[in-house]
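Tertiary structure, described
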Amino acid sequence: MPDALDGLISSRARAINGSGIRQVLEIGARVPDKVDLSIGQPDFPVPDAIQNAAIDAIRTNRNGYPPSRGIPQLMERLATHVRADLGWRCAPDPAAGEETGLMVTSGTSGGLMLAALALLNDGDEIIIPDPWFVLYPYLATMTGAKAVKCDTYPDFKLTASRVEPLITPRTKAILLCSPGNPSGVVASERECAELLALCQARNIVLISDEIYDEFAYSETRTQYKADGSKKVCPSPARLPGAAERVLVIRGFGKTYGVTGWRLGYATGPKRLIDEMAKLQQYVYVGVPHPLQVGAAAALDVDMTPHVAEYERRRDLVVRRLREVTDVQMPGGAFYAFAQVPARMGTDEGRSPARTLFHRALDHKVLIVPGDTFSARGTHFRLSFATEASKLERGLDVLVKLMKG
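**Some points on the nonpolar core**
One finds Ile207, Leu247, Phe252, Phe380 and Leu398 to be the most contacted residues of the largest nonpolar core, which totals 132 residues. The element best represented in this core is helix H14 (residues 388-402), accounting for 7 residues. Beyond its immediate sequence surroundings of up to four residues, Ile207 is in contact with Leu112, Ala115, Leu119, Ile126, Ala173, Ile174, Leu175, Leu176, Leu247 and Ile249.

If you want it as structure tokens, here you go:
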């Protein structure tokens, strides 16, 4: 029977499929005693200092509307952090005359959506990597633009040499994610510099999605912060002239385990941030006030022990998977994006990735098939953000299946 609303639903909504990651979660909800290697949800508890700051804010009635750009307490802390990390001077007060803008966003996804709304017109183009994070293609769908996919196989590097042939007069932005999702691969300082130079030469905005910037492992932390305090993950934002061309979008959820809080921030060219902040007034209004207080406290919390634990898990995952298949070394985040070996064979009508997904599901192990993130169905994403015993159990199943 036809739905009475069929003729009323927008083409925009019709063009969007549900998140493949969420579909796996829905399937997994019906599987008892499962090993969930699908979701990018940190498994460590939120540090007490962060929880207590948010709880205290609620109890002291800081529950009203926040300023659209962010509460002063958090904006001041972020301005100090950005200056130390990137060398950018961005005042919390948008009227202070600084060239670099700053705002709190509803997670990194909220920041990316605002950037797309501020930059893209009908028919404009944004270049994204293949594989991509599931939101990226729909940034174009929801703004009437076109997402141009850049094939980054087999090393998952979005390089200037791969991007340049895809640039047209309609190209407005290039979207870099490093460390990457789903691959965990990290762009080198040289690769960042070449992408930035390309964007500068062609008058294109470089959007740097750095949600996993603090989840970079020891061998990829090769560049020092502006204040010389510690090594950090390479970013195009630390290069000369970046403040005029790079939009940095970061988040608190992955680093501090507060994914459900939907908290991030954006910094970059002041004109672009001003437009994003104006849009935020109508799209998100603002980010929950008491949780911003918690985010301000998060900037004082040392998460390096958790990152070190995930690095140990990364090493285990790569060692086990390389027994049976090819996998690039994740330099950050908490994912591996591995190829499904041909010797495993495929089920009729299914890609290699879907075949492995269903066979693993039969053993109560959840992974995400690679065609969720890519035009190809040759790989799968494994998240190692789970306790060690379950991770080892899941790896045992996957390795056995891929031996064929």
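**Considering the packing of aromatic side chains**
For the structure on display, the rule yields 14 aromatic pairs. On the numbers, 5.7 Å between centres and 90° between planes, the contact of Tyr212 with Tyr335 is edge-to-face. Taken together, the positions of Tyr212 in the loop between strand S6 (205-209) and strand S7 (223-224) and Tyr335 in strand S11 (residues 335-339) put the pair 123 residues apart, joining distant regions of the chain. For the pair Tyr212 and Tyr335, a shared accessibility class is recorded, and that class is buried. Note on Phe252 and Tyr265: the rings are 6.1 Å apart at their centroids and 50° apart in plane angle, and the pair reads as tilted. Within this pair, whereas Phe252 is found in the loop between strand S9 (246-251) and helix H9 (253-256), its partner Tyr265 is found in strand S10 (residues 264-269), the two being separated by 13 residues in sequence. There is no split in this pair, since Phe252 and Tyr265 are both buried. Cluster of aromatic residues (ring-pair linked, three or more members): Phe44, Tyr212, Phe215, Tyr310, Phe334 and Tyr335.

**Here's the deal with empty space enclosed by the protein**
Within this structure, the stated rule accounts for 3 cavities of 30 Å³ or more. Within this model, the largest cavity holds a volume of roughly 160 Å³. Around the largest cavity, the lining comprises 18 residues; the ones closest to its centre are Pro129, Phe156, Cys177, Gly180 and Ser183. The element that contributes the greatest number of residues to the lining of the largest cavity is strand S5 (residues 171-177), accounting for 3 residues. Of the residues belonging to the lining of the largest cavity, the class tally is 12 nonpolar, 5 polar and 1 charged.

**Some details on the environment of Phe215**
Inspection of the secondary structure assignment puts Phe215 in the loop between S6 and S7. Along the chain, Phe215 and Pro234 lie 19 residues apart, while their C-alpha atoms are 12 Å from each other. With near-sequence residues (within four places) excluded, Phe215 lies in contact with Phe44, Pro179, Arg221, Lys254, Thr255, Val307, Tyr310, Gly332, Ala333 and Phe334.

**Some points on the layout of surface pockets**
Quantified by volume, the second largest pocket comes out at close to 410 Å³. For the lining of the second largest pocket, the elements supplying multiple residues, two or more each, are helix H4 (72-86), S9, H9 and helix H12 (304-321). Broken down by element, the residue count for the lining of the second largest pocket peaks at 3 residues, all from H4. Taken together, the residues of the lining of the second largest pocket sort by class into 8 nonpolar, 5 polar and 8 charged.

**Here's the deal with the sheet that holds S11**
What the 3 strands build is an open sheet, ordered S11-S14-S13; its pairing is antiparallel. Each edge of the open sheet carries a strand with a single partner, namely S11 and strand S13 (368-369). With 2 bridges connecting them, S13 and strand S14 (residues 379-383) associate as antiparallel partners. The residue of S14 that forms the bridge with Val368 is Arg381. Across the sheet, H14 touches S11 and S14, and the angle it forms with S14 is around 165°.

The rules we used
Residues numbered from 1 in each chain as written. Predicted model: local features only at pLDDT ≥ 70, side-chain atom pairs only at ≥ 80, totals over all residues. Heavy atoms only, no water. Core = buried A, V, L, I, M, F, W, Y, C linked by side-chain atoms within 4.5 Å. Buried < 20%, exposed > 50% of the residue type's maximum accessible area, 1.4 Å probe, protein only. Helix = DSSP H or I, 4+ residues; strand = E, 2+ residues; numbered from the N terminus. Contact = heavy atoms within 4.5 Å. Phe/Tyr/Trp six-rings, centres within 6.5 Å; stacked < 30°, edge-to-face > 60°. 1 Å grid on protein atoms, 1.4 Å probe; cavity = no way out; pocket = protein on both sides within 12 Å on 5 of 7 lines; lining within 4 Å. Points joined across faces, edges and corners; volume = space filled by probe spheres on them. Nonpolar A, V, L, I, M, F, W, Y, C, P; charged D, E, K, R; others polar. Pairing = 2+ DSSP bridges. Axes fitted to C-alpha atoms, helices over the stretch in contact; angles between N-to-C directions.

Everything listed here is a matter of geometry and, on its own, says nothing about what the molecule does.
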